Amino acid sequence: IPPGRPVGSIQWPSRVPADPAREFAVTRVDPVTRAQTLAWFQRQPREKRRVLVFVHGFNTRFDASVFRFAQFVHDTGTPYVPVLFTWPSRGRVTDYIYDRESANFSRSDLAYVLEAAAKSPHVDEVVVLAHSMGAWLAMESLRQLALADGRVPAKITNVVLASPDLDIDVFERQMQELGPKRPHVTIFVSRNDSALGLSRLLAGQVQRVGAVDLSDPAYSARLEQATGIVVLDLTALQGGDALNHSKFATQPDMVRLLGDRLAGQSISDESGPAVSAVQT
């Protein structure tokens, strides 16, 4: 990651190999097979016994997800061991249905990664951070674990859904099926999220969780029926990406807030500039 760059920004490589002094660059690749996953967790530094699993969203190819997560980890200074779960997005705005099917295809693989982390004696805590369509994938994988074992593994303590591209009715059902001993859930929403506006159109005008209006009594009443959920409204935050869809990683104030939470404070604490919260 090049020095002297603004928080929340990515300097995309202009050629291969990239120039690490000016651009994000991959310097080494160490393959790890599925059977070596537990051994990989065991090799992590003893002081880093917490794992952050990131699940990217729609229209995000492998290279873009690597650089976005690297930027987020660097800018937040998170003490967690970073694990990126990447699923086969085609990386084109016109291929929404293809990406949706690819996310569906990847549910069991994400469930395996989360279960492997939770089973490792070298891991004390797992936090899941999922963005956009990746939020649907994350919730489905957690639901799969809950239905198979009777509950979500206890080490999975927090789930953060950033701009979740999730049908609100489906989300309610997923939360119910996670069971009473489920992780704390934090949701970042924004009423001016243009990407979720398009998603809502493609979904037959069904409201997306990441774009709910917290001032609407209908949604407030539905939130009050749930427990263990904090919703943070980022609508008033200025800056970040043009579509207002990735503020968790691109908006400097939000990046610093998340960094503080991951450094030790509860990730669902209510605070931050221009951020309003609803907690149930």
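Predicted, not measured: the structure shown is a model, and the values here were computed from it.

Q: Go over the packing of aromatic side chains, please, and point to the residues and values.
A: Scanning the entire structure with this criterion turns up six aromatic pairs. Their ring planes at 20° and their centres at 5.0 Å tell us that Phe-54 and Phe-69 sit as a pair that is stacked. Separated by 15 residues along the polypeptide, Phe-54 in strand β1 (residues 50–55) and Phe-69 in helix α2 (residues 62–76) bring together distant segments of the chain. Taking the relative accessible area as the measure of exposure, Phe-54 reaches 3% and is therefore buried. Centroid distance Phe-58 to Tyr-96: 5.1 Å. Interplanar angle 65°. Geometry classified as edge-to-face.

Q: A description of a nonpolar patch on the surface should follow, citing residues and the corresponding values.
A: Taken together, the side chains of Val-93, Leu-198, Leu-201 and Leu-202 present a nonpolar region at the surface, about 380 Å² in accessible area. Here Leu-202 is to be found in helix α7 (residues 194–202). For Leu-202, a relative accessible area of 52% corresponds to the exposed category.

Q: Describe the environment of Ser-89, and please don't skip the residues or the numbers.
A: Considering the arrangement of structural elements, one finds Ser-89 in the loop between β2 (81–85) and α3 (96–105). For Ser-89, a relative accessible area of 11% corresponds to the buried category. Put simply, Ser-89 and Phe-62 are 27 residues apart on the chain and 7.8 Å apart in space, counted from C-alpha to C-alpha. Every residue in contact with Ser-89, bar those within four places of it in the chain, is listed here: His-56, Phe-58, Asn-59, Thr-60, Arg-61 and Asp-99.

Q: Give me the nonpolar core: which residues, what numbers.
A: When a protein is soluble and globular, its nonpolar side chains tend to lie buried together. Residues Leu-114, Leu-161, Phe-171 and Ile-187 are the most contacted members of the largest nonpolar core, which totals 49 residues. The element that contributes the greatest number of residues to this core is helix α5 (residues 133–149), accounting for nine residues. Discounting chain neighbours no more than four positions away, the residues touching Leu-114 are Val-53, Val-126, Val-128, Leu-142, Leu-145 and Ile-156. One finds Phe-54, Val-73, Phe-248 and Leu-258 within the second-largest nonpolar core, a separate group that totals 21 residues.

Q: Lay out unusual backbone geometry in plain terms, naming residues and giving numbers.
A: Between Val-16 and the following residue, Pro-17, the backbone shows a cis peptide bond with an omega angle of 0°. Even without being a glycine, Asn-59 presents a positive backbone phi close to 60°. Note on placement: Asn-59 falls in the loop between β1 and α2. In this structure Asn-59 comes out as partly exposed when scored by relative accessible area, which is 31%.

Q: Hey, could you go over the pattern of salt bridges for me, with residue numbers and the actual values?
A: Opposite charge on two side chains permits them to pair, given that their charged atoms come into close proximity. What the rule picks out here adds up to 16 salt bridges. Between Asp-95 and Arg-92 there is a salt bridge, with the nearest N and O atoms lying 2.9 Å from each other. Judged by its relative accessible area of 12%, Asp-95 is buried. Taken together, the shared-partner salt bridges connect Arg-107, Glu-140, Arg-143, Arg-173 and Glu-177 into one network.

Q: Which residues make up α2, and what values do they have?
A: For α2, which comprises 15 residues, the first-to-last C-alpha distance of 21 Å matches the rise-based estimate of 21 Å (1.5 Å per residue) to within 8%. Turning to α2, its buried residues are Ala-64, Ser-65, Phe-67, Phe-69, Gln-71, Phe-72, Val-73, Asp-75 and Thr-76. Of the surrounding elements, those touching the buried residues of α2 are β1, β2, β3 (125–131), α9 (247–250) and α10 (252–262). Gly-77 lies just past α2 and shows a positive phi near 65°.

Q: Help me get a handle on the side chain of Ser-9, residues and values and all.
A: Along the chain, the position of Ser-9 falls in the segment before α1 (37–42). For Ser-9, a relative accessible area of 18% puts it in the buried group. Side-chain polar atoms of Ser-9 contact the side chain of Gln-11, separated by 3.1 Å. Setting aside its immediate chain neighbours within four residues, Ser-9 contacts Phe-24, Gln-71 and Asp-75.

Conventions and cut-offs
Per-chain numbering applies: the sequence of each chain, read as written, is numbered from 1 onward. Totals for whole chains, interfaces and linings use every residue, but because this is a predicted model, local features are given only for residues with pLDDT of at least 70 and side-chain atom pairs only at 80 or more, for both listing and counting. In computing side-chain values, all of the structure's heavy atoms are included and hydrogens and water are not. We call Phe, Tyr and Trp rings a pair once their centres come within 6.5 Å, taking the six-membered ring for Trp, and we label the pair stacked below 30 degrees between planes, edge-to-face above 60, and tilted otherwise. Put simply, DSSP marks the helices as runs of H or I at least four residues long and the strands as runs of E at least two long, and each gets a number from the N terminus on. Type-normalised accessible area, obtained with a 1.4 Å probe on protein chains alone, sets the label of each residue: buried when under 20%, exposed when over 50%, and partly exposed for intermediate values. Residues qualify for a patch when their relative accessible area is over 30% and they have no salt bridge, like charges being joined within 9 Å and the nonpolar side chains of Val, Leu, Ile, Met, Phe, Trp and Tyr within 5 Å. Reported accessibility uses the Shrake-Rupley method at a 1.4 Å probe radius. Residues are deemed covered only where the shown protein chains occlude them. Between Lys or Arg on one side and Asp or Glu on the other, a salt bridge is scored when a side-chain nitrogen of the former is within 4 Å of a carboxyl oxygen of the latter. Note on contacts: a residue pair qualifies if any of its non-hydrogen atoms lie within 4.5 Å across the two residues. Nonpolar cores were defined as sets of buried Ala, Val, Leu, Ile, Met, Phe, Trp, Tyr and Cys residues, with membership established by side-chain atoms within 4.5 Å. In this scheme, a helix's expected span is set at 1.5 Å multiplied by one less than its residue total. Here a polar contact is taken to be a pair of N or O atoms separated by no more than 3.5 Å, where protein atoms must pair a possible hydrogen donor with a possible acceptor and residues adjacent in sequence count only if both atoms sit in side chains.

These figures come from the coordinates and say nothing about function on their own.
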